[in-house]
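A structural walkthrough
Chain residues, written in single-letter form:
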Amino acid sequence: MVEIQVGSMKIQADKGKNLLSVLRDNGIFVDAPCGGTGHCGKCKVKIAGEIPPVTETEQALLTRSEIVSGTRLACLTDCTGTMRIMLPEYKTVSKAGFLETAQEIDNGFCPGETGIAVDIGTTTLAVYFYELKSGNMTDVRSGLNLQRRYGADVISRISACEAEQDALRKMGDSIVSQINGYIREYGKKIASAVIVGNTTMLHLLTGLDPSGIAKAPYLGQSLFGVMYAGHQLGLQVDGEVYLPPCISSYVGADITAGLIAMNLDRSKEHVFYIDIGTNGEMALCKGNTIFCCSVAAGPAFEGAKIKFGTGSVAGAINRVWYDGGVKYTTIDDAPPVGICGSGLIDAVAVMVETGIVDETGRFMDDQSDEFFVSESISITRQDIR
Ligand code: FES
């Protein structure tokens, strides 16, 4: 056994065991968009103590100064000796106060009863709190979906379920404990809940094996439209929890809920409803006819396959503009550690505005294949095309 220390937590790990697995098993979040396959270069941890030798892949994915300062990729690191691990600071929770006021309706709820509407996104979990009698939204809590340690997209998470015994249960436990954590922070009893998400997210929540979604004929175990008791899902909800129906394996209950909320099953005009998340889903609606489809969309905006891409962590460049020179801001005003989705869009806009790339993303100067946003963070040719 070897000792791994993370903050004040000391973990005894089997010698030689993979560091990412050890951290996951102990409930420690490490961003792992490629699911630990050594491709994305995002599962960076800083190691002090017995620093393992750097692998060839790490040499390609880490900068010289990162390697020298002890940064390694957790998925490519084995626990070979006593290590102290320093993790990047992930921003996981945000909240807002009173947000929305609805007209009081006679809906059968008692005054003061609270309900939640939960949107389990592949990347972000959002929990909306409502006073059920009035329909007023009273609070919102959101944060990174911590299942991300098993991969940024649904296919990586389905693969993790197949590759790792217990990953399905752990991902289910992870989302349930995140929702329960937000409920505890809110501090009131929850009478009922509605939970939406894409079809894979609802499988992971309910413990159903999602592997059929990833291979022909691409069918999961359920399209839901099911009522559970809160305790059946391990949720701190006193009454019922409704999971609305998904439309198909790749068009989830979040789209169903959006279409209903917007009355798009009755629209007189053609309306195009688009939800760009980690998965992009869209619906073209008119009258009682609705066509739906979905595409992979978001991992690039969450840092996957972008050299210095990162999620919304402290130090992520989140705004870029040109004012006689390239200017930027970072989350929490921390020193730049990478660039997140909003920064990436801004940076490419600046590159077009200043003629670094043309509107197709082609670098205008054949000698150059990098655009520096800060001293250490750049956008590369491969990032764009
Ligand atoms: S390289 Fe380790 S999770 Fe992607």
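For clarity, every value in this text was computed on a predicted model and none was experimentally measured. (Residues numbered from 1 in each chain as written. Predicted model: local features only at pLDDT ≥ 70, side-chain atom pairs only at ≥ 80, totals over all residues. Heavy atoms only, no water.)

1. Observations concerning helix α6 (residues 199-206)
Counting buried residues in α6 gives eight out of eight residues, a clear majority hidden from the surface. For α6, the full list of buried residues reads T199, T200, M201, L202, H203, L204, L205 and T206. Between the side-chain oxygen at the start of α6 and the backbone nitrogen of T200 there is a gap of 3.1 Å, and the oxygen is on N198. Looking one or two residues past α6, G207 carries a phi angle of roughly 80 degrees, positive in sign. (Buried < 20%, exposed > 50% of the residue type's maximum accessible area, 1.4 Å probe, protein only. Helix = DSSP H or I, 4+ residues; strand = E, 2+ residues; numbered from the N terminus. Polar contact = N/O pair within 3.5 Å; in protein donor to acceptor, adjacent residues only side chain to side chain.)

2. Focus on helix α8 (residues 341-353)
Given 3.6 residues to a turn, an α-helix orients residues that are three or four positions apart in the same direction. Over its 13 residues, α8 runs 18 Å from end to end, which matches the ideal 18 Å to within 8%, given 1.5 Å per residue. The set of residues buried in α8 consists of G341, G343, L344, A347, V350 and M351. Following α8 by one or two positions, G355 has its phi on the positive side, about 75 degrees. (Expected span 1.5 Å × (residues − 1).)

3. Structural notes on the domain arrangement of the protein
For the protein, the assigned domains are domain 1 (2-86), domain 2 (94-263) and domain 3 (306-384). Placing the centre of domain 2 and that of domain 3 at their C-alpha centroids yields a distance of 34 Å. (Domains from an automatic or database assignment.)

4. Here's the deal with the sheet that holds strand β3 (residues 44-49)
In spatial order, the strands read β2-β1-β5-β3-β4; together these five strands make up an open sheet with mixed pairing. Strands at the two margins of the open sheet, each flanked by one partner only, are β2 (9-13) and β4 (71-73). Here the average twist between neighbouring strands, direction ignored, is 35 degrees. Here β3 runs beside β4; their pairing, made up of three bridges, is antiparallel. (Pairing = 2+ DSSP bridges. Axes fitted to C-alpha atoms, helices over the stretch in contact; angles between N-to-C directions.)

5. Description of unusual backbone geometry
At the junction of A216 and P217, the peptide bond is cis and its omega measures out at 5 degrees in the coordinates. For F224, which is not a glycine, the phi torsion comes out positive at approximately 60 degrees. Here F224 shows up in strand β11 (residues 224-229). In the Ramachandran plot, N263 falls in the positive-phi region, its phi being about 55 degrees despite a non-glycine side chain.

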